[in-house]
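Chain residues, written in single-letter form:
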Amino acid sequence: MDLFGQYGSDDEPSYASATALKKQKIEAAPDVSTQDLTTFNYLPGLTTKEISHNVPYDDLTRPTQGPQNPFATQGTAPNRNVLTGYVEEFAISHHHFDAMSRTFTNFGYAVDPNSHGETLVGDLRKAALQNGATVYETVKKSKTDKRKRKAAGDSSVIDGYAGPWAGYEGEKVHVQPEGPTDAEKEAAEAKSVADASSKKSNPNADLEVGNETSTFHGKEERDYMGRTYMHVPTDLDVDLSAESGIKDCYLPKTLIHTWTGHTKGVAAIRLFPNSAHMFLSAGMDNKVKLWDVYHDRRCLRTFDGHSKAVRDITFNNDGTKFLSASYDKYIKLWDTETGKCISSFTTKRIPYCVKFNPDPDKQNVFLTGCADKKIYQFDINSGDVTQEYDQHLGAVNTITFVDDNRRFVTTSDDKTLRAWEFDIPVVIKYVAEPSMHSMPAVTLHPTQKWLACQSLDNQIVIYSARDRFRMNRKKTFRGHLVAGYACEPSFSPDGRYVSSGDSEGRVWFWDWKTCKVLKKFKAHDKVVIGSVWHPHETSKLFTCSWDGTIK
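Numbering of residues starts from 1 in every chain and runs along the sequence as written. Thresholds applied to this predicted model are a pLDDT of at least 70 for local features of residues and 80 or more for the giving and counting of side-chain atom pairs; totals over whole chains, interfaces and linings are not thresholded and use all residues. Side-chain calculation: all heavy atoms of the structure are included, whereas hydrogens and water are not.

## Considerations on the overall build of the protein chain
Line of reasoning, step 1. Working definition: helices are DSSP H or I runs of at least four residues, strands are E runs of at least two. Numbering for both runs from the N terminus. Check the secondary structure of the protein chain and you find 5 helices and 31 strands.
Line of reasoning, step 2. Each residue is placed in one exposure class: buried if its accessible area under a 1.4 Å probe, protein chains only, is under 20% of its type's maximum, exposed if it is over 50%, and partly exposed if it falls in between. When each of the 551 residues of the protein chain is scored for burial, the buried share is 36%.
Line of reasoning, step 3. Residues are treated as being in contact if the distance between any of their heavy atoms lies within 4.5 Å. Taking all contacts inside the protein chain whose residues are at least 6 apart in sequence as the whole, residues at least 24 apart take part in 44%.
Line of reasoning, step 4. All accessible areas in this document rest on Shrake-Rupley with a 1.4 Å probe, and a residue is counted as covered only by the protein chains that are shown. When the accessible surface of the protein chain is totalled, it reaches about 35,200 Å², and 50% of it is carbon and sulfur.

## Concerning the nonpolar core
Line of reasoning, step 1. The biggest cluster of nonpolar side chains holds 17 residues, and the ones touching the most others in it are L280, V288, F303 and F322.
Line of reasoning, step 2. Contributions of two or more residues to this core are made by β6 (278-283), β7 (287-292), β8 (299-304) and β9 (310-315).
Line of reasoning, step 3. Discounting chain neighbours no more than four positions away, the residues touching L280 are A268, I269, R270, V288, K289, L290, F303, I313, F315 and F322.
Line of reasoning, step 4. Side-chain atoms within 4.5 Å are what join buried Ala, Val, Leu, Ile, Met, Phe, Trp, Tyr and Cys residues into a set we call a nonpolar core. In this structure, V238, F279, Y294 and I550 belong to the second largest nonpolar core, which totals 16 residues.

## What about the packing of aromatic side chains?
Line of reasoning, step 1. Ring geometry is summarised as follows: Phe, Tyr and Trp rings, the Trp one being its six-membered ring, pair when their centres sit within 6.5 Å, and such pairs are stacked at plane angles under 30 degrees, edge-to-face over 60 and tilted between the two. In total, this model carries 28 aromatic pairs according to the counting rule given.
Line of reasoning, step 2. Considering the side-chain rings of F303 and F322, the 5.0 Å spacing of their centres and the 80° angle between planes classify their relative orientation as edge-to-face. Taken together, the positions of F303 in strand β8 and F322 in strand β10 (residues 321-326) put the pair 19 residues apart, joining distant regions of the chain. F322 matches F303 in its accessibility class, with the two residues each being buried.
Line of reasoning, step 3. The interplanar angle of 50° and the centroid separation of 6.1 Å between the aromatic rings of F401 and F422 together place this pair among those described as tilted. With F401 in strand β17 (residues 396-402) and F422 in the loop between β19 (417-421) and β20 (424-431), this pair connects stretches of sequence that are 21 residues apart.
Line of reasoning, step 4. In this structure F401 comes out as buried when scored by relative accessible area, which is 7%.
Line of reasoning, step 5. Here a set of aromatic residues connected by ring pairs shows up, and it is made of F272, F303, F315, F322 and W334.
Line of reasoning, step 6. Think of it as a cone above the ring: NZ of Lys or CZ of Arg counts as a charge over the ring if it is within 6 Å of the ring centre and within 35 degrees of the ring normal. Stacked on the ring of Y168, the Lys or Arg R149 has its end atom at 5.0 Å from the ring centre.
Line of reasoning, step 7. Geometry around Y330 places K332 over its ring, the cationic atom sitting 5.9 Å from the centre.

## Considering unusual backbone geometry
Line of reasoning, step 1. The residue Q448 is not glycine, and still its phi comes out positive at about 65°.
Line of reasoning, step 2. By secondary structure assignment, the location of Q448 is in the loop between β21 (441-444) and β22 (450-455).
Line of reasoning, step 3. The exposure class assigned to Q448 is partly exposed, which follows from its relative accessible area of 41%.
Line of reasoning, step 4. For C515, which is not a glycine, the phi torsion comes out positive at approximately 65°.
Line of reasoning, step 5. Structurally, C515 can be placed in the loop between β27 (506-511) and β28 (517-522).

## With respect to the pattern of salt bridges
Line of reasoning, step 1. By definition here, a salt bridge exists when the distance from a side-chain nitrogen of Lys or Arg to a carboxyl oxygen of Asp or Glu is within 4 Å. Applying the stated criterion across every chain, the model contains 17 salt bridges.
Line of reasoning, step 2. R407 serves as the salt-bridge partner of D403, at 3.6 Å between the closest nitrogen and oxygen.
Line of reasoning, step 3. Put simply, R496 and D494 hold a salt bridge, and the shortest N to O gap is 3.8 Å.
Line of reasoning, step 4. Among the residues examined, R496 registers a relative accessible area of 34% and is labelled partly exposed.
Line of reasoning, step 5. It is possible to trace a salt-bridge network through shared partners that takes in D403, R406, R407 and E421.

## Quick notes on the sheet that holds β22
Line of reasoning, step 1. Any two strands between which DSSP finds at least two bridges are classified as paired. The 4 strands are arranged β21-β22-β23-β24 in an open sheet whose pairing can be described as antiparallel. If you trace the sheet from one side to the other, it starts and ends with β21 and β24 (471-478), each paired once. Each neighbouring strand pair of the sheet contributes to a mean axis angle of 25°, computed without reference to strand direction.
Line of reasoning, step 2. With 4 bridges joining them, β21 and β22 adopt antiparallel strand pairing. Counted as the bridge partner of A441 is Q454 from β22. In this analysis an axis means a line fitted to C-alpha atoms, helices contributing only their contacting stretch, and an angle means the value between N-to-C directions, from 0 to 180 degrees.

## Description of the side chain of D285
Line of reasoning, step 1. Its place among the elements puts D285 in the loop between β6 and β7.
Line of reasoning, step 2. Charge convention: Lys and Arg are scored as positive, Asp and Glu as negative, and His as well as the terminal groups of each chain are ignored. The side chain of D285 is buried and forms no salt bridge, while K287, the nearest opposite charge, is found at 5.2 Å.
Line of reasoning, step 3. Counted as a polar contact is a pair of N or O atoms within 3.5 Å, where, for protein atoms, one must be capable of donating a hydrogen and the other of accepting one, and residues adjacent in sequence contribute only when both atoms are in side chains. Within polar-contact distance, the side chain of D285 engages the side chain of H262 at 3.2 Å.
Line of reasoning, step 4. In this structure, D285 is in contact with H262, T263 and K264, ignoring residues within four places of it in sequence.

## Considering the sheet that holds strand β26 (residues 497-501)
Line of reasoning, step 1. Spatial ordering of the open sheet is given by β25-β26-β27-β28, a layout of 4 strands whose pairing is antiparallel. For this open sheet the edge positions go to β25 (490-491) and β28, each flanked by a neighbour on one side alone.
Line of reasoning, step 2. Direction of pairing for β27 relative to β28: antiparallel, over a ladder of 5 bridges. Residue F509 lies in a different strand from β28, and its bridge partner there is K519.

## Structural notes on the pairing of β24
Line of reasoning, step 1. Here strand β23 (residues 459-464) pairs with β24 via 4 bridges, running antiparallel. Across the sheet, the residue bridging to I460 is F477, located in β24.
Line of reasoning, step 2. A loop of 6 residues connects β23 with β24, the two strands running antiparallel in sequence, and F469 in this loop sits at a positive phi of about 55°.

## As for the environment of Y294
Line of reasoning, step 1. Within the secondary structure, Y294 sits in the loop between β7 and β8.
Line of reasoning, step 2. Taking C-alpha positions, Y294 is 6.6 Å from H277, a pair spaced 17 residues apart along the chain.
Line of reasoning, step 3. Aside from chain neighbours lying at most four places away, what touches Y294 is L236, L240, A276, H277, H534, E537 and K540.
Line of reasoning, step 4. A distance of 3.0 Å separates a polar atom in the side chain of Y294 from a polar atom in the side chain of E537.

In structure tokens form, the structure reads like this:
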């Protein structure tokens with residue numbers, strides 16, 4: 001048949017021979033190791049996909065043995081099904097989950113989900129009292145927990161019948177309050193009379209007046225030419241007698257120097273007028289210090305005369321005198337060179353701000369805003385209050401002179417801004433809006449046209465310093481966090497940049513035209529309460545902080 005099949009013509013179609021199907025071998029019983037697992041320890045690797053023996057359940061649930069890989073990360077962890085590790089799915093109804101969550105929040109215990117409702121976790125003592133009930137279940141009170149009612153009495157006896165008005169056993173009715181005895185009352189009256197008489201005889205007994213001292217820390221108070229230590233240096237690359245703002249300013253980049261000396265925070269710094277070769281610092285350690293900007297950069301003199309923290313300081317026009325306002329309710333006038341306290345002023349209220357009148361003809365007059373919602377005008381020569389401005393409804397925070405020193409603007413805790421004519425206690429402009437916040441720090445622009453107010457809603461708002469005192473809504477500087485702190489804003493001498501500290505120890509810089517954040521950096525460990533640009537340097541900024549340092 002095979003030979004016959006080989007015959008055929010070329011015209012006939014050729015058929016391919018059928019291929020034989022291969023049978024797949026089926027193993028009904030795969031090879032399994034019959035060795036007793038108790039005779040050896042089998043430790044499969046973490047990447048093992050197949051094993052040749054049956055592993056007991058206890059071995060499967062054991063934790064990974066061996067030392068921990070110090071270079072392992074969450075990305076290389078085995079059995080990871082989420083970004084942070086492995087999450088096991090657990091089926092539970094929303095009602096049961098809410099019940100357990102609210103029970104644990106209210107009662108302090110809940111059912112362990114792995115115990116199938118048999119075990120409680122949390123406050124087991126309270127769970128025993130509640131019999132493990134959830135917030136949706138009511139617990140029947142035992143009869144012993146109920147209050148016992150007093151007997152109603154016999155209705156035939158009128159005096160002893162209480163009826164439905166009978167109270168409960170153990171309750172207190174018409175309890176008389178316990179007060180001081182007669183002896184305690186007499187002692188308190190005698191003490192109040194003694195205190196009143198002592199205050200009449202010496203009203204300032206609790207305040208330290210006349211004990212002011214100052215300490216000079218420099219080498220010599222005068223040099224070989226007879227010039228004092230306050231003389232403006234001329235051996236510098238910077239002309240300190242030039243006009244401020246004639247050079248283009250740039251953003252500061254590196255830390256130059258750190259002044260340390262205050263044992264507590266620094267509340268404010270003020271540069272020496274015109275030259276800025278020295279500056280004053282008001283400390284919460286009750287001291288005022290005078291520092292050198294150039295040369296040795298040391299503390300030149302310490303003024304010690306307040307019994308509480310110093311709140312504000314200000315120079316007069318030529319820098320020969322300055323005022324310091326403290327929480328001891330005193331404002332003191334000091335001689336900058338000799339360190340002598342010339343005079344003291346008080347209104348029996350805490351002064352929050354103090355400001356000399358910048359007019360050269362009125363250097364004997366200064367204003368102070370106090371906690372009693374008033375602004376007092378003092379005459380240094382007589383020591384008397386010559387005028388009071390009392391329209392604010394809260395403590396006065398700032399005083400800023402505008403319009404060629406003919407007017408001044410004040411801000412207060414009453415969330416308003418008010419403009420006054422000098423020496424006339426009548427408000428000429430009252431700015432108050434529902435969206436306004438308190439503005440505890442105000443700075444005048446170098447062009448004298450704008451006021452930068454640090455608002456406590458984390459932004460610096462701009463007001464016109466001219467007649468209308470309108471808010472410039474196109475210029476608002478945001479990004480920093482100052483809520484609760486009177487961080488003082490400042491302008492570069494050329495007016496191109498706005499800077500301010502924040503509550504996190506950073507300093508922020510904005511562009512005056514675009515209001516965009518140009519730069520921010522970490523400057524101090526605590527809140528940066530003040531920042532001042534050097535009027536003659538192109539990119540030098542002074543900052544003070546509650547960490548006790550000045551940079």
